[in-house]
Amino acid sequence: MSTDLRAAALRRILIAAALCLFVTTNCPAEPVRIAIVPFDNLTDQASGDECAELVFHYAVTELSRFGGIELFERQRADLILRERFMASADPGRFRTYPPVDLVIFGSIRMDETAGRAIIHATVEDIRAESSSVSVEVIAPLASWSNEDLDSTARSIFRDRIGGLYRWPLGETGSRGTYAGRKIAMTAFNNYGGDENFDPLQKGIIYLAAENLARVQGVSVIEREELVKVLDEKRMGSFSHDFEPFELLSADLVVTGCMSATPRTFRLDARIIDVRTSEIVASFYSEAARNDILPVITDVMEMIARELSRDSRSAATDKFDTDRTERVVSFPSSQEALLHYARGAQFYDRGDYLASIESIERALTVDPDFTFGRWEAGRIYEKYLGRHEKAAEAYRMVLADDPDSALREKTLMRLGMLCYRRLGRPGDAAVFLSRLLRDFPETIYGDLAGYALGHSLQQTGEYRLAVAAYEKALAYAAYSPLKGSLLIRRGQCLLELEEFEKARQSFETAISGHGSEIFQASTEQGQTTIREEASRWKILMQAP
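Computed from a predicted model, the values in this text were never measured in an experiment. (Residues numbered from 1 in each chain as written. Predicted model: local features only at pLDDT ≥ 70, side-chain atom pairs only at ≥ 80, totals over all residues. Heavy atoms only, no water.)

### Details of the pattern of salt bridges
Moving on, step 1. Under the defined criterion, the tally for this structure stands at 24 salt bridges.
Moving on, step 2. With its nearest N and O atoms 3.3 Å apart, the salt bridge here joins Glu-70 to Arg-33. Placement of the pair is Glu-70 in strand 3 (residues 69-73) and Arg-33 in strand 1 (residues 32-36), with a sequence separation of 37 residues.
Moving on, step 3. Note on Arg-33: relative accessible area 30%, which makes it partly exposed.
Moving on, step 4. Taking the shortest distance from any N to any O, the salt bridge between Glu-375 and Arg-378 comes out at 3.1 Å. (Salt bridge = Lys/Arg side-chain N within 4 Å of Asp/Glu carboxyl O. Helix = DSSP H or I, 4+ residues; strand = E, 2+ residues; numbered from the N terminus. Buried < 20%, exposed > 50% of the residue type's maximum accessible area, 1.4 Å probe, protein only.)

Below is the structure:
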């Protein structure tokens, strides 16, 4: 072989070796798993608690910018020993709580005597017995603010730690599917020190939950079902049988925090996998202090976009083309938002009169705030017993031509209000008919069909009532209303003098649902399906 050929072959070998080394070094087959722990406040000052929380939230945001890592939120107690034990044990025993490779924790200390604040962060390598990296940043206490915390977090987590480990910028997390998963919203804590923003801690949850309920393929747990997630997140004593969040029916939790300075307002949010504690995505937005509404809607749009990945095509991105669909539940002004948020805060405390007063103020400022009007109707109906006011609010919601999700439940509430409380079966039939016509797959199918049939029965429309009952009977394989539907159907068939069909309806009710309770009107005592159907069979035999 000639010298030139040998040189060329050697060059090819060296290039191949360099490429292999580059791939091995820079493209690991498995992502690095990192647990991040809330930072400690080493002073007695309350402001130190808020700063420690903000550093933690900002750290999540900065670390989420890197690719090739999976980020997990964990608590501090015995964490490193626990992770080392999990890493050395049989992985199959810890399917829901995977071990991590690195743990990041730290502290914040304010030294007023020296006029400085110190943030200390440590990266503990679980894979090695004694391998850790510490980073410390000192800043003048006089200039300490949320902007300083933001830049400090960027310096520590993105520039120094990320640079040290050479993580590439890109998407983090497993980015798994969201289809069919349940979501719970938890409080967005206010760490900015301005009590004027405290009501937003609850207001954001209620508005965001309503908005996220419109994302196809996922479901949002109603507020009455929510539990104190932050308490459940605490891992407590480690045991082989323990599963985190085991009392929560949600698959994902959306949580975050807000912070404000004299000049700016910032909102951070993250989506956490309940079973593994993985932070699957994080988001933030920041703007001038007087522009809090765009900040909040921007973050909620980002969350909705992330959750809708499975249902959006590359060619059609509805969150880019239809802004009104993205933020349908939000008011159009900051003043209305704050009034509504105060109403949500009062609602959470059980002060429904104060809640409705605040929501009505929001509606005075923003008459087009349709979701706020629906909330007012719900409070009037469910908690204050002012049914006429509730019906008026619901009618105004329908007149505003709301989106489909809000229109569906408004038709249901208004129809049931007319049926149960206002004694207007004709009006109930109108609204419930519209519900079942416009939303044939509604989750309210059996109950709405029963109420529609009984309303038509009360107005003498027996043939239409039978059709409504039969449609409700076919709605689901099982419904607790089936026995009552069969009895009501039999009653209408008797009025139509179709006696054999009526008898069969009563007998089917007895044989299949005899021990169930008959859904009678309020003035009638409680009876079983067997007792009620038997009574009607006896009436059929009377001369």
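### Digging into the confidence of the model for the chain
In low-pLDDT regions, the fine details of the predicted coordinates are not to be read closely.
Moving on, step 1. For the chain, per-residue confidence averages 80 on the pLDDT scale, and residues scoring 70 or more make up 77% of the total.
Moving on, step 2. This model gives residues 13-28 a pLDDT under 50, and the stretch forms two contacts once residues within four places in sequence are excluded.
Moving on, step 3. Under a pLDDT of 50 for its full length, residues 313-326 has, in the predicted model, 18 contacts with residues more than four places off or in other chains. (pLDDT = per-residue confidence, 0-100. Contact = heavy atoms within 4.5 Å.)

### A look at helix 16 (residues 445-458)
Moving on, step 1. An ideal rise of 1.5 Å per residue puts 20 Å on 14 residues; helix 16 measures up with 20 Å between its terminal C-alpha atoms.
Moving on, step 2. Counting buried positions along helix 16 yields 12 of 14 residues, so the element is predominantly enclosed.
Moving on, step 3. Where helix 16 is concerned, the buried positions are Gly-445, Asp-446, Ala-448, Gly-449, Tyr-450, Ala-451, Leu-452, Gly-453, His-454, Ser-455, Leu-456 and Gln-457.
Moving on, step 4. Of the surrounding secondary structure, the elements contacted by the buried residues of helix 16 are helix 14 (404-420), helix 15 (425-438), helix 17 (462-473) and helix 18 (482-495).
Moving on, step 5. Where helix 16 terminates, the next one or two residues include Gly-460, which has phi positive at roughly 85°. (Expected span 1.5 Å × (residues − 1).)

### Observations concerning unusual backbone geometry
Moving on, step 1. In this structure, Asp-401 takes a positive phi of about 55° despite not being glycine.
Moving on, step 2. Here Asp-401 shows up in the loop between helix 13 (387-399) and helix 14.
Moving on, step 3. With a relative accessible area of 62%, Asp-401 lands in the exposed category.
Moving on, step 4. We note that Glu-497 has phi near 60°; this positive angle belongs to a residue other than glycine.

### Here's the deal with the nonpolar core
Moving on, step 1. Core analysis: the biggest nonpolar cluster contains 101 residues, and Leu-200, Phe-265, Leu-267, Met-300 and Ile-303 have the highest contact counts within it.
Moving on, step 2. Among the elements that take part in this core, helix 7 (residues 292-307) stands out by supplying nine residues, more than any other.
Moving on, step 3. Counting residues in each nonpolar core, the second largest holds 36 residues, with Phe-56, Tyr-58, Leu-102 and Ala-153 among its members. (Core = buried A, V, L, I, M, F, W, Y, C linked by side-chain atoms within 4.5 Å.)

### Remarks on the environment of Glu-532
Moving on, step 1. Here Glu-532 is to be found in helix 20 (residues 529-541).
Moving on, step 2. Classification of Glu-532 by relative accessible area gives buried; the value is 3%.
Moving on, step 3. Along the primary structure Glu-532 and Ser-484 are separated by 48 residues, whereas in three dimensions their C-alpha atoms are 9.2 Å apart.

### Let's talk about the pairing of strand 7 (residues 182-190)
Moving on, step 1. Bridging between strand 7 and strand 8 (residues 219-220) involves two bridges; their strand directions are parallel. Opposite Lys-182, over in strand 8, you have Ser-219 as the bridge partner.
Moving on, step 2. One ladder, built from six bridges, connects strand 7 with strand 9 (residues 252-260); its direction is parallel. From the neighbouring strand, Met-185 faces strand 9, where its bridge partner is Val-254. (Pairing = 2+ DSSP bridges.)

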